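Results of the structural survey
Chain by chain, the residues:
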Amino acid sequence: AQYQLARIELVKKYIAENKYEEALVLIDQCYIYPPNLGEGKLHGAQENDFDYYKGCIMEGLNRKEEASVLREIGIHSNTIIATGGGTPCFHQNMQWMNEHGITVWLNTPVNELVQRLWHEKKHRPLIAHFENVNDLEVFLNKKLEERSVFYSLAHIHMNEIALNIHSLVNGIEQLFKNNFQQNHS
């Protein structure tokens, strides 16, 4: 168990430093129980922490590519880009999106997110390990709290459940007119 605990602590450090490749090597080692250490996997031992941190690592690794693709696609005019929940939170993506277009935060209540994500969790490394809905809800509340500082920078905020398409279009048109007038006066 000490073998895995030491690696988990290093994994946390590497994640905090955005050293995802190094963290991935260590987390993969956590699933192995070297016989020369004299500690094997205990019957019934949980590996949820390993799965969670591996999900965080994979998310971090994918974010670099995601930022690059966002910028490649976003330089084209008349483009609408829908991003996932983490995209605005990494690599100054929200700032870049705000500078190059109009951003809209479709604020979805956590209970709605839980209903949508629960059945798709096996395809999402960050939440695949959750065994009950309550834990997923706690996790999503925490993520929303962490990420809302980025989401709140969006030009337009709308509650997705009460979404009125006419209000959204009017808000975008108004922002476009204001930005156009400022940039061309």
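Residues numbered from 1 in each chain as written. Predicted model: local features only at pLDDT ≥ 70, side-chain atom pairs only at ≥ 80, totals over all residues. Heavy atoms only, no water.

What follows concerns the nonpolar core. Membership of the largest hydrophobic core comes to 21 residues, with the highest contact counts inside it found for Val11, Ile15, Ile27, Ile57 and Leu140. The leading source of residues in this core is helix 2 (residues 20–30), at five residues. In this structure, Ile15 is in contact with Tyr20, Ala23, Tyr53, Cys56 and Ile57, ignoring residues within four places of it in sequence. Judged by nonpolar contacts, the second largest core, of eight residues, contains Leu70, Trp105, Tyr151 and Ala154. (Core = buried A, V, L, I, M, F, W, Y, C linked by side-chain atoms within 4.5 Å. Buried < 20%, exposed > 50% of the residue type's maximum accessible area, 1.4 Å probe, protein only. Helix = DSSP H or I, 4+ residues; strand = E, 2+ residues; numbered from the N terminus. Contact = heavy atoms within 4.5 Å.)

The subject of this paragraph is helix 2. Since there are 3.6 residues in each turn of an α-helix, residues three or four apart along the chain are aligned in direction. Taken together, the buried positions of helix 2 are occupied by Tyr20, Ala23, Leu26, Ile27 and Cys30. Viewed along the axis of helix 2, the buried residues span an arc of 125°, placing them on a single side of the element. Tucked inside the fold, the buried residues of helix 2 contact helix 1 (2–16) and helix 3 (48–74). (Arc of directions from axis to C-beta.)

Turning our eyes to something else, we now look at the confidence of the model for the chain. Here the chain shows a mean pLDDT of 82. Residues at 70 or above account for 87%. For the chain, the element scoring lowest by mean pLDDT is helix 7 (residues 165–183), at 78; helix 5 (residues 110–118) scores highest, at 94. (pLDDT = per-residue confidence, 0-100.)

Turning next to unusual backbone geometry. Where the residue is not glycine, phi is negative for most of them; where a peptide bond is considered, it is trans in most cases. A positive phi angle, near 60°, is found at Asn18, a position not held by glycine. Residue Asn18 is classed as partly exposed on the basis of its relative accessible area, which comes to 46%.

What follows deals with a nonpolar patch on the surface. On the surface, Val104, Leu106, Leu163 and Ile172 cluster together into a nonpolar patch covering about 260 Å² of accessible area. Among the structural elements, Leu106 can be located in strand 1 (residues 104–107). Overall, Leu106 belongs to the partly exposed group, its relative accessible area being 38%. (Patch = residues over 30% accessible without salt bridge, like charges linked within 9 Å, V, L, I, M, F, W, Y side chains within 5 Å. Areas by Shrake-Rupley, 256 points an atom, 1.4 Å probe, with all protein chains shown as cover. Salt bridge = Lys/Arg side-chain N within 4 Å of Asp/Glu carboxyl O.)

With respect to the helices and strands, Asn93 occurs in helix 4 (residues 93–100). By relative accessible area, which is 0% here, Asn93 ends up buried. Looking at Asn93, its side chain comes within polar contact range of the main-chain oxygen of Thr87, at 2.8 Å. (Polar contact = N/O pair within 3.5 Å; in protein donor to acceptor, adjacent residues only side chain to side chain.)

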